[in-house]
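Remarks on the overall topology
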Amino acid sequence: MTSSASSTDSSFPGDTVEVHLDTDALLDAAAARFVGVITAAQTAHGTASVVLTGGGTGIALLERVRRSPGDIDWSRLDVFWGDERFVPAGDPERNELQAREALLDHVPVDPARVHPVATSDSEYPDPVEAAAEYSATVHAHLAAHDGFDLHLLGMGGEGHINSLFPHTDAVREDHELVVAVTDSPKPPPVRVTLTLPAVRRARHVVLVVSGEGKAEAVAAALNGAQAVDIPAAGASGSESTTWLLDQGAAGAL
């Protein structure tokens, strides 16, 4: 039986930290947060926007949302990705493909409001060109809506978010919203990613992290590490920043 027991810690300035008993309870809480933020934004503004994350936890979260979508009006939701593996269309490594299989192919989204990164076999075969094209899409949305409503983030064991890895040019970027990564330490090496300035254009940032192997990076991020060392430390929303953790990921707090 899955328990949903959780605790909230407000001792970290600017961040809300929720610790859930296990990964199942964590995913339930994350799905509820997704639905709550999006429906509140649609009630307030008519539309909403979300930046999705990939990885096992990120895709499992989308499957939970598919099962319990609440009152989301999918036709009035703009969908973006925080990063993408720069591989051909149809490659199972694509975050877009995984998100479609988990959620987007099963709900009535408006195809014109789903904004994937170009594939490596598209009209933008150079990742720098693909990043520039995606940057134009992001800028156009932000100009019209003054921010994303929700940016979902997973985190790697070394503290990376999106494709922003420690001590790389991408995590040091302080101006561009989207950049190409050609030497990712985690395969595949070529990617397109939103940067920390783009993350900070979200009203609500939610980091969903599970597993003991990430506990040290979680603690470092919440205790004031520099973003160049622990990229997750640089993630913040203009209205809220929430860390949703299971007990393993919270083990070093």
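Computed from a prediction, not measured in an experiment: that's the story for all the values here.

With respect to the side chain of His151
- Mapping His151 onto the fold places it in strand E6 (residues 148-153).
- Discounting chain neighbours no more than four positions away, the residues touching His151 are Val51, Gly82, Asn162, Leu194, Val199, Ala202, His204, Val205 and Val206.

Considering the packing of helix H1 (residues 23-45) against helix H2 (residues 55-67)
- Viewed as axis vectors pointing N to C, H1 and H2 meet at an angle of 65°, and their least axial separation amounts to 9 Å. The handedness of the crossing between H1 and H2 is right-handed. In this structure, H1 contributes Asp24, Leu27, Asp28, Ala30, Ala31, Phe34 and Val35 to the contact, and H2 contributes Thr57, Ala60, Leu61, Leu62, Arg64 and Val65.

Looking at the pattern of salt bridges
- With the rule as written, the count across this model stands at 12 salt bridges.
- Among the salt bridges present, the one from Arg94 reaches Glu96, with a minimum N-O distance of 2.5 Å. In terms of burial, Arg94 and Glu96 fall into one category: buried.

Description of the environment of Pro189
- Along the chain, Pro189 falls in the loop between strand E7 (178-181) and strand E8 (191-194).
- For Pro189, a relative accessible area of 42% puts it in the partly exposed group.
- Between the C-alpha atom of Pro189 and that of Tyr124, which follows or precedes it by 65 residues, the distance is 17 Å.
- For Pro189, the contacting residues outside a window of four places in its chain are Val181, Thr182, Asp183 and Ser184.

With respect to helix H3 (residues 95-102)
- Those residues of H3 lying buried are Asn95, Glu96, Ala99 and Ala102. Projected down its long axis, H3 shows its buried positions confined to an angular sector of 135°, all on one face.
- The inward-facing, buried residues of H3 abut strand E3 (48-52), H2, strand E4 (77-81) and strand E5 (83-85).

As for the UniProt feature "domain: Glucosamine/galactosamine-6-phosphate isomerase" (unreviewed entry) in the chain
- Within this structure's numbering, the places UniProt gives as "domain: Glucosamine/galactosamine-6-phosphate isomerase" (unreviewed entry) are residues 22-243.
- As annotated, residues 22-243 has a helix share of 36% and a strand share of 18%, and its two end C-alpha atoms lie 14 Å apart.

Observations regarding unusual backbone geometry
- For the bond running from Pro187 to Pro188, omega is -5°, close enough to zero to count as cis.
- Considering the arrangement of structural elements, one finds Pro188 in the loop between E7 and E8.
- Positive phi, normally seen in glycine, also occurs at Asp146, with a value near 55°.
- Among the secondary structure elements, Asp146 is positioned in the loop between helix H4 (127-145) and E6.

Rules of the game
Residues numbered from 1 in each chain as written. Predicted model: local features only at pLDDT ≥ 70, side-chain atom pairs only at ≥ 80, totals over all residues. Heavy atoms only, no water. Helix = DSSP H or I, 4+ residues; strand = E, 2+ residues; numbered from the N terminus. Contact = heavy atoms within 4.5 Å. Axes fitted to C-alpha atoms, helices over the stretch in contact; angles between N-to-C directions. Left-handed = near helix turned anticlockwise from the far one by under 90°. Salt bridge = Lys/Arg side-chain N within 4 Å of Asp/Glu carboxyl O. Buried < 20%, exposed > 50% of the residue type's maximum accessible area, 1.4 Å probe, protein only. Arc of directions from axis to C-beta. UniProt positions renumbered as here; feature names shortened; annotations may be inferred.

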